[in-house]
Amino acid sequence: MSTTERPRILVVGGGYVGLYAARRILKKMRYGEATVTVVDPRSYMTYQPFLPEAAAGSISPRHVVVPLRRVLPKAEVLTGRVTTIDQDRKVATVQPLVGEAYELPFDYLVVALGAVSRTFPIPGLAENGIGMKGIEEAIGLRNHVLEQLDKADSTTDEEIRRKALTFVFVGGGFAGAETIGEVEDMARDAAKYYPNVKREDMRFILVDAADKILPEVGPKLGQWGLEHLQKRGVEVYLGTSMDSCVGGHVVLKNGLEVDSNTIVWTAGVKPNPALARFGLPLGPRGHVDTAATLQVQGTDYIWAAGDNAQVPDLAVGEGAWCPPNAQHALRQAKVLGDNVISGMRGFPQREYKHANKGAVAGLGLHKGVAMIVFGKTKIKLKGRLAWYMHRGYHGMAMPTFNRKIRVFADWTLGMFLKREVVSLGAIENPREEFYEAAAPVSAAAAKKAENTAEKAKAS
């Protein structure tokens with residue numbers, strides 16, 4: 001960690017906004033003008049729109065993440081959490097992964113903590129639910145689903161088979177619809193290699209409290225997406241929610257009860273709860289309240305953007321807020337970076353304004369929906385063409401040229417090679433096999449040492 005006397009720009013969070021804002025600041029900054037410090041519990045940034053494809057095996061998990069230290073070689077990258085911020089002293093408390101917490105002074109602050117899964121006090125959810133906010137969860141879901149097929153193919157117990165082959169997804173927004181579409185696609189392909197498992201044996205269930213899915217692309221495309229999933233055998237229950245899932249026994253508010261080993265929770269996000277300890281002005285839903293310049297209200301040295309910020313949407317009008325998506329996060333980060341430099345040099349701040357360019361969603365290989373906005377014209381696409389738009393947009397939005405090439409290479413290879421359907425469930429506990437092999441040896445050695453000690457004592 002640097003002890004330089006130069007002004008410090010502290011970026012709290014290394015996600016989409018944190019990464020791009022830090023890159024922008026470093027690019028615009030003069031040599032030696034300031035020190036940029038990025039603090040995040042992970043040493044990499046995750047491109048979340050690709051998590052469903054990573055879960056389905058269409059993209060290598062390593063290609064969905066961007067190592068912060070490689071992309072930000074001129075910045076300090078600290079692996080840990082900012083637990084509190086003292087605005088009067090301009091000091092942040094950093095809790096590293098190991099060791100004691102310490103104080104880190106700063107002159108300018110960027111809050112980019114992002115969002116976490118929005119959950120409710122549902123019995124059994126914490127014990128049985130699987131989220132989709134990080135690459136670890138995407139890898140875990142892929143291995144878990146394939147492991148369920150392994151179980152179903154190898155048992156004669158119908159109750160075990162039924163529970164293993166029932167997959168429940170809660171949440172019908174982008175994350176939920178895309179994930180169930182990709183996972184169903186993967187499971188359908190994988191079933192070809194299991195003699196005792198067919199697609200007809202599987203049960204995919206999508207649940208949402210709203211009366212529609214994919215609201216981001218509009219009612220018509222959302223309805224098409226709903227009908228498309230239903231044609232693929234996905235049961236969709238709208239206007240209902242999950243009451244409990246204790247022991248994998250799922251109970252919906254509409255009375256449906258099923259047993260499932262796989263319960264995927266994608267029912268929205270909320271701002272990182274750590275914001276409550278920073279002493280910043282928060283909106284009604286816990287977002288940092290910012291001006292259109294992305295400056296936190298009432299301050300001239302703190303900026304915030306992305307999923308953890310309540311940013312006025314000037315393109316829509318008074319009272320509107322920018323939605324939490326990658327489209328806004330990328331552009332906000334660039335304006336934020338420019339404004340931090342302007343603030344350091346005493347120049348005026350620029351307001352953030354961006355008109356919505358549409359939305360795209362993939363529902364599995366060669367399937368998707370897209371709404372593209374050109375001025376006042378909206379172009380609505382579905383099927384294979386929309387899927388191409390989805391891949392093209394997110395492929396170009398993927399940070400760094402290195403990762404773009406790797407992602408497009410994965411897609412190109414996927415056109416000629418079959419999807420891998422191997423489960424690596426043991427990766428979640430890689431030491432188990434070694435422990436089983438070493439434990440008897442260790443026990444025998446301990447017993448021998450004990451006997452030797454007893455003999456020595458007796459003599």
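Coordinates for the structure precede this section.
So, here's what we can say about the structure. Not measured: the values here are computed from a predicted model.

1. Let's talk about the pattern of salt bridges
Pairing of side chains with opposite charge becomes possible as their charged atoms draw close. Within the structure shown, the criterion is met by 20 salt bridges. The partner of arginine 30 in a salt bridge is glutamate 33, with the nearest N and O atoms 3.7 Å apart. Here the salt bridges do not stand alone but share partners, grouping Asp185, Asp189, Lys192, Lys367 and Arg419 into one network.

2. Quick notes on the side chain of glutamate 182
Take glutamate 182: it is sitting in helix 7 (residues 174-190). Arginine 419 provides the closest opposite charge to the buried, unpaired glutamate 182, separated from it by 4.8 Å. Other than its neighbours up to four places away in sequence, glutamate 182 contacts Pro52, Glu53, Ala56, Ser58, Leu363, Gly364 and Leu365.

3. With respect to the packing of helix 10 (residues 384-397) against helix 11 (residues 401-416)
One can describe the packing of helix 10 onto helix 11 by two numbers: an axis separation of 8 Å at closest approach and a directional angle of 150°. The angle between helix 10 and helix 11 falls in the class roughly antiparallel. Crossing handedness for the pair helix 10 and helix 11: right-handed. For the pair formed by helix 10 and helix 11, the contact residues are Arg391, Gly395 and Met396 on the first element and Lys404, Phe408 and Trp411 on the second. Considered class by class, the residues forming the contact of helix 10 with helix 11 number 3 nonpolar, 1 polar and 2 charged.

4. Some words on a nonpolar patch on the surface
Together, Leu413, Met415, Phe416 and Leu417 line one region of the surface with nonpolar side chains, adding up to about 510 Å² of accessible area. Relative to the elements of secondary structure, leucine 417 occurs in the loop between helix 11 and helix 12 (432-458). The exposed category is assigned to leucine 417, whose relative accessible area is 55%.

5. Some points on the packing of aromatic side chains
Ring pairs (aromatic) are described by centroid distance and by the angle formed between their planes. All told, the structure shown has 10 aromatic pairs when counted by the stated rule. Ring geometry for phenylalanine 120 and tryptophan 265: centres 6.2 Å apart, planes at 70°, overall edge-to-face. Of this pair, phenylalanine 120 sits in the loop between strand 9 (115-117) and helix 4 (125-128) while tryptophan 265 sits in strand 17 (residues 262-265), and the two are 145 residues apart along the sequence. The partly exposed category is assigned to phenylalanine 120, whose relative accessible area is 44%. Judged by its relative accessible area of 7%, tryptophan 265 is buried. Between the aromatic rings of phenylalanine 169 and phenylalanine 204, the centroid separation amounts to 6.5 Å while the plane-to-plane angle is 25°, which identifies the pairing as stacked. Of the two residues, phenylalanine 169 is situated in strand 11 (residues 166-170) and phenylalanine 204 in strand 12 (residues 203-208); the sequence distance between them amounts to 35 residues. Just as phenylalanine 169 is buried, phenylalanine 204 falls in that class too. An aromatic cluster is defined as three or more aromatic residues linked by ring pairs; in this entry it consists of Tyr16, Tyr20, Tyr47, Phe50, Phe408 and Trp411. Just above the ring of tyrosine 301 sits the side chain of lysine 90; from NZ or CZ to the centre is 4.3 Å.

6. Brief notes about the sheet that holds strand 5 (residues 76-86)
The sheet built from 7 strands is open, its strands ordered 7-6-5-2-1-8-20 with mixed pairing. Strand pairing shows two members of the sheet lacking a second neighbour, strand 7 (102-105) and strand 20 (302-304), which therefore form its edges. Going across the sheet, the axis of each strand differs from the next one's by a mean of 40°, ignoring polarity. One ladder, built from 4 bridges, connects strand 2 (residues 35-40) with strand 5; its direction is parallel. By the bridge assignment for strand 5, valine 38 is matched with valine 77. Across the sheet, helix 1 (residues 16-28) touches strand 1 (8-12) and strand 2, and the angle it forms with strand 2 is around 170°. Contacts between helix 9 (residues 326-345) and the sheet are confined to strand 1, strand 8 (108-111) and strand 20, with strand 20 contributing the most and set at about 175° to the helix.

How each quantity is defined
Residues numbered from 1 in each chain as written. Predicted model: local features only at pLDDT ≥ 70, side-chain atom pairs only at ≥ 80, totals over all residues. Heavy atoms only, no water. Salt bridge = Lys/Arg side-chain N within 4 Å of Asp/Glu carboxyl O. Helix = DSSP H or I, 4+ residues; strand = E, 2+ residues; numbered from the N terminus. Buried < 20%, exposed > 50% of the residue type's maximum accessible area, 1.4 Å probe, protein only. Lys, Arg positive; Asp, Glu negative; His and termini not counted. Contact = heavy atoms within 4.5 Å. Axes fitted to C-alpha atoms, helices over the stretch in contact; angles between N-to-C directions. Parallel < 35°, antiparallel > 145°, perpendicular 65-115°, else oblique. Left-handed = near helix turned anticlockwise from the far one by under 90°. Nonpolar A, V, L, I, M, F, W, Y, C, P; charged D, E, K, R; others polar. Patch = residues over 30% accessible without salt bridge, like charges linked within 9 Å, V, L, I, M, F, W, Y side chains within 5 Å. Areas by Shrake-Rupley, 256 points an atom, 1.4 Å probe, with all protein chains shown as cover. Phe/Tyr/Trp six-rings, centres within 6.5 Å; stacked < 30°, edge-to-face > 60°. Lys NZ or Arg CZ within 6 Å of the ring centre and 35° of its normal. Pairing = 2+ DSSP bridges.

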